[in-house]
Amino acid sequence: MPDTISHDPTRILVTGGAGYIGSHCCVELINEGYQPVILDDFSNAQPGVVDSIETITGKRPPVIAADIRDRAAIATALSDQRIGAVMHFAALKAVGESVRLPLAYYDVNVSGTLALLGAMQQHGLKTIVFSSSATVYGIPDSLPVREDAPRMATNPYGRSKIIAEDFLTDLFAAEPDWQIAVLRYFNPVGAHQSGLIGEDPSGIPNNLMPFVAQVASGKQPCLSIFGDDYPTRDGTGVRDFIHVVDLAKGHVAAIRHLETAPGLMTLNLGTGTGYSVLELIEAFIAASGREVPYRIEPRRQGDVAEIYADPSLAGTRIGWQATRTLEDMCRDTWNWQSRKP
């Protein structure tokens, strides 16, 4: 039998809440009257992010320093903080790194999710928004990609997300009173318009937009574009870039929906528009006024030519759609990059 604890539906445990997406979700949760509680081991986040959240919102979320695989620590947090729902972001997330370190990715992403769900089950807490990825689709059969497309991940990161999704599906089949939203992100970019929080990768960035920003600022000398011979309009890969604030608002919309409509839903969070690598670079040059030198490299194994979302189901189910443009994404990224020390 689960332990009986008092749940406050406004108190949301945000695992990985000091990270890039988690911190933006904390801001939007506070803006909408929720009380986020951050659980993070700060392996890929800076403690100063919490100060920035407080500066933006005027409220400082409680912070629990713990590893997502530590079920006892999670259980204590759920009880002590009277948590009413969970947003689960804590994970390793670099595709290339996952190919080199598959066991680490399965350990954190799979074992961590299992520890979290076990702690939630222990305390009778059954509402969760799960951070998944369009990486689960692999090379899509058709475009735009709908939620019922086959899952064919081509790397350990994507497969770790598929396994975690399967945990949630099996759990809901066994216990249909759970309230679960699986949100598959396309390519989150941008930063809060204040310039106080944004993507701050350790070392050399793994993702395109922060690398572009670091080249524009002079921190990196040159951008590598992997492939200019794809069957796309300019030969470079095409992706669905989504502003991180739009993404965060999608999570709040999902939590709101689950409060009145229990069940399991899987939704794409994207714009429905694909931009090429060269188009993103051109937009960034216009936003920053800086040059972005690049060189063409051979294609990378596992990269797809083109992928973008059909996000219409999110509009129908939770009343959400992305509103920010590529220009907004580049402007806010540059504002964040240029404010950093």
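Residues numbered from 1 in each chain as written. Predicted model: local features only at pLDDT ≥ 70, side-chain atom pairs only at ≥ 80, totals over all residues. Heavy atoms only, no water.

Draft legend 1. How the structure looks around helix α11 (residues 326-339). If you check α11, its first and last C-alpha atoms are 20 Å apart, about what 14 residues at 1.5 Å a residue would give, namely 20 Å. Among all positions in α11, only L326, D328, M329, C330, D332, T333, W334, W336 and Q337 are buried. Buried-residue contacts for α11 involve β7 (187-189), α7 (208-217), β10 (241-243), β12 (275-276) and α9 (277-288). (Helix = DSSP H or I, 4+ residues; strand = E, 2+ residues; numbered from the N terminus. Expected span 1.5 Å × (residues − 1). Buried < 20%, exposed > 50% of the residue type's maximum accessible area, 1.4 Å probe, protein only. Contact = heavy atoms within 4.5 Å.)

Draft legend 2. Main features of the nonpolar core. Of all hydrophobic cores here, the largest spans 40 residues; its most connected members are I21, M87, V129, L183, L269 and I318. With nine residues, the top contributor of residues to this core is helix α8 (residues 244-260). Of all hydrophobic cores here, the second largest spans 28 residues; its members include A73, A75, I128 and V182. (Core = buried A, V, L, I, M, F, W, Y, C linked by side-chain atoms within 4.5 Å.)

Draft legend 3. Structural detail: the packing of helix α5 (residues 102-122) against helix α6 (residues 156-174). Running from N to C, α5 and α6 point in directions that differ by 20°, and their axes come no closer than 9 Å. Taken together, α5 and α6 sit at an angle that is classed as roughly parallel. Like other packed secondary-structure pairs, α5 and α6 cross with a definite hand, here right-handed. Residues P102, Y105, Y106, N109, V110, T113, L114, L117 and Q121 of α5 touch α6, and the partners they reach there are P156, Y157, R159, S160, I163, A164, F167, L168 and L171. (Axes fitted to C-alpha atoms, helices over the stretch in contact; angles between N-to-C directions. Parallel < 35°, antiparallel > 145°, perpendicular 65-115°, else oblique. Left-handed = near helix turned anticlockwise from the far one by under 90°.)

Draft legend 4. Structural view of the packing of aromatic side chains. According to the stated counting rule, one finds three aromatic pairs in the structure shown. Taking the centre distance of 6.5 Å and the plane angle of 90° together, the rings of Y105 and Y157 count as edge-to-face. On the criterion of sequence distance, the pair formed by Y105 in helix α5 and Y157 in helix α6 is long-range, its members being 52 residues apart. Arranged with centres 6.3 Å apart and planes meeting at 35°, the rings of Y137 and F186 form a pair that is tilted. One end of the pair, Y137, is in the loop between β5 (127-133) and α6; the other, F186, is in the loop between β6 (179-185) and β7, with 49 residues separating them in the sequence. Its guanidinium or amino end placed over the ring of Y230, R299 lies 4.1 Å from that ring's centre, counting from NZ or CZ. (Phe/Tyr/Trp six-rings, centres within 6.5 Å; stacked < 30°, edge-to-face > 60°. Lys NZ or Arg CZ within 6 Å of the ring centre and 35° of its normal.)

Draft legend 5. Region of the structure containing unusual backbone geometry. Here the residue pair L143 and P144 is connected by a cis peptide bond, since its omega of -5° sits within 30 degrees of zero. Here P144 is to be found in the loop between β5 and α6. In this model, F42 sits at a positive phi of 60°, which is unusual for a non-glycine residue. Within the secondary structure, F42 is located in the loop between β2 (35-40) and α2 (48-57).

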